[in-house]
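The primary structure of each chain is shown beneath.
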Amino acid sequence: MLEIHAVTIDSADPYALASWWSEATGLPLGAGDQPGDDEVMLRTKQDPFLLFIRVPEAKSGKNRVHLDVSSADGGTRDQEVERMLALGARVFEDHRRPDGTGWVTMLDPEGNEFCVCRSSAERGAPA
């Protein structure tokens with residue numbers, strides 16, 4: 001059996017992108033991570049953590065793997081979309097439906113896709 005301990009995200013500037021995701025999620029950077037580092041960790045509450053690594057090539061095409069996120073503190077999907085926009089994300093595709101279901105595919109500052117989904121409360125699921 002395998003255990004997943006990290007999800008790795010290619011980046012032109014690992015520290016800047018990890019810092020953006022730190023602001024978005026409230027999760028801390030790894031101890032000792034500094035601007036200019038080739039690898040920067042975003043420590044999650046439990047594995048897997050997020051690892052941002054420097055790559056020479058720019059992003060091209062759609063990500064084959066992406067993060068789905070939702071509010072951890074009782075906010076709504078739409079509030080999180082607005083918060084991500086304020087942090088510098090962009091809307092890529094809006095899949096919200098009139099009945100309140102759906103999600104919004106957004107792009108982080110380096111163009112990586114992520115989806116903002118409804119919170120547990122909006123889905124009527126236990127938190």
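Residues numbered from 1 in each chain as written. Predicted model: local features only at pLDDT ≥ 70, side-chain atom pairs only at ≥ 80, totals over all residues. Heavy atoms only, no water.

A word on the overall build of the chain
- Scanning the chain from terminus to terminus reveals three helices and seven strands.
- Scaling as 2.2 N^0.38, a compact globule of 127 residues should have a C-alpha radius of gyration of about 14 Å, and the chain matches this with 15 Å.
- Taking the principal axes of the C-alpha coordinates as reference, the chain spans close to 45 × 30 × 30 Å.
- Across the chain, every contact between residues at least 6 apart in sequence was considered, and the portion connecting residues at least 24 apart equals 49%.
- Total accessible area on the chain is roughly 7900 Å²; 53% of this is exposed by carbon and sulfur atoms.
- Looking at the chain, you have 13 positive and 22 negative side-chain charges, and the mean spots of the two groups are 6 Å apart. (Helix = DSSP H or I, 4+ residues; strand = E, 2+ residues; numbered from the N terminus. Rg over C-alpha atoms; globule rule 2.2 N^0.38 Å. Contact = heavy atoms within 4.5 Å. Areas by Shrake-Rupley, 256 points an atom, 1.4 Å probe, with all protein chains shown as cover. Lys, Arg positive; Asp, Glu negative; His and termini not counted. Charge placed at Lys NZ, Arg CZ, Asp CG, Glu CD.)

Quick notes on the side chain of Arg77
- Mapped onto the elements of the fold, Arg77 is located in helix H2 (residues 77-87).
- If we skip the residues at most four places from it in the chain, Arg77 touches Arg96, Gly100, Thr101, Gly102, Trp103, Val116, Cys117, Arg118 and Glu122.

What about the pattern of salt bridges?
- Tallying each qualifying case throughout the model produces seven salt bridges.
- Here Lys59 and Glu113 are joined by a salt bridge, their closest N and O atoms 3.4 Å apart. Linking Lys59 in the loop between strand E3 (49-54) and strand E4 (67-69) with Glu113 in strand E7 (residues 113-116), this pair joins segments that are 54 residues apart in sequence.
- By relative accessible area, which is 35% here, Lys59 ends up partly exposed.
- The partner of Asp78 in a salt bridge is Arg96, and the shortest N-O contact between them spans 2.9 Å. (Salt bridge = Lys/Arg side-chain N within 4 Å of Asp/Glu carboxyl O. Buried < 20%, exposed > 50% of the residue type's maximum accessible area, 1.4 Å probe, protein only.)

Thoughts on helix H1 (residues 14-25)
- Here H1 contains 12 residues, and its C-alpha end-to-end distance of 16 Å stays within 8% of the 16 Å for a straight helix at 1.5 Å per residue.
- Taken together, the buried positions of H1 are Pro14, Leu17, Ala18, Trp20, Trp21, Ser22 and Ala24.
- For H1, the secondary structure elements touched by its buried residues are strand E1 (6-11), strand E2 (39-42), E3, E4, H2 and E7.
- Downstream of H1 by one or two residues, Gly26 has phi in the positive range, about 80 degrees. (Expected span 1.5 Å × (residues − 1).)

Things to note about the packing of H1 against H2
- Interhelical geometry of H1 versus H2 gives an angle of 145 degrees and a closest axis separation of 10 Å. For the element pair H1 and H2, the recorded crossing hand is right-handed. Between H1 and H2, the residues in contact are Trp20, Glu23 and Ala24 and Arg83, Met84 and Leu87, respectively.
- Within the contact of H1 with H2, the residues separate by chemical class into four nonpolar, no polar and two charged. (Axes fitted to C-alpha atoms, helices over the stretch in contact; angles between N-to-C directions. Left-handed = near helix turned anticlockwise from the far one by under 90°. Nonpolar A, V, L, I, M, F, W, Y, C, P; charged D, E, K, R; others polar.)

Comments concerning the sheet that holds E3
- Pairing is mixed in the open sheet, where three strands are placed in the order E1-E3-E2. In this open sheet, the two edge strands, each paired with only one partner strand, are E1 and E2. Averaged over all adjacent pairs, the angle separating strand axes in this sheet is 25 degrees, with direction ignored.
- Relative to E3, E1 is paired through six bridges, and the arrangement is parallel. Residue Ser11 lies in a different strand from E3, and its bridge partner there is Arg54.
- Here H1 sits on the sheet in contact with E1, E2 and E3, set at roughly 10 degrees to E2. (Pairing = 2+ DSSP bridges.)

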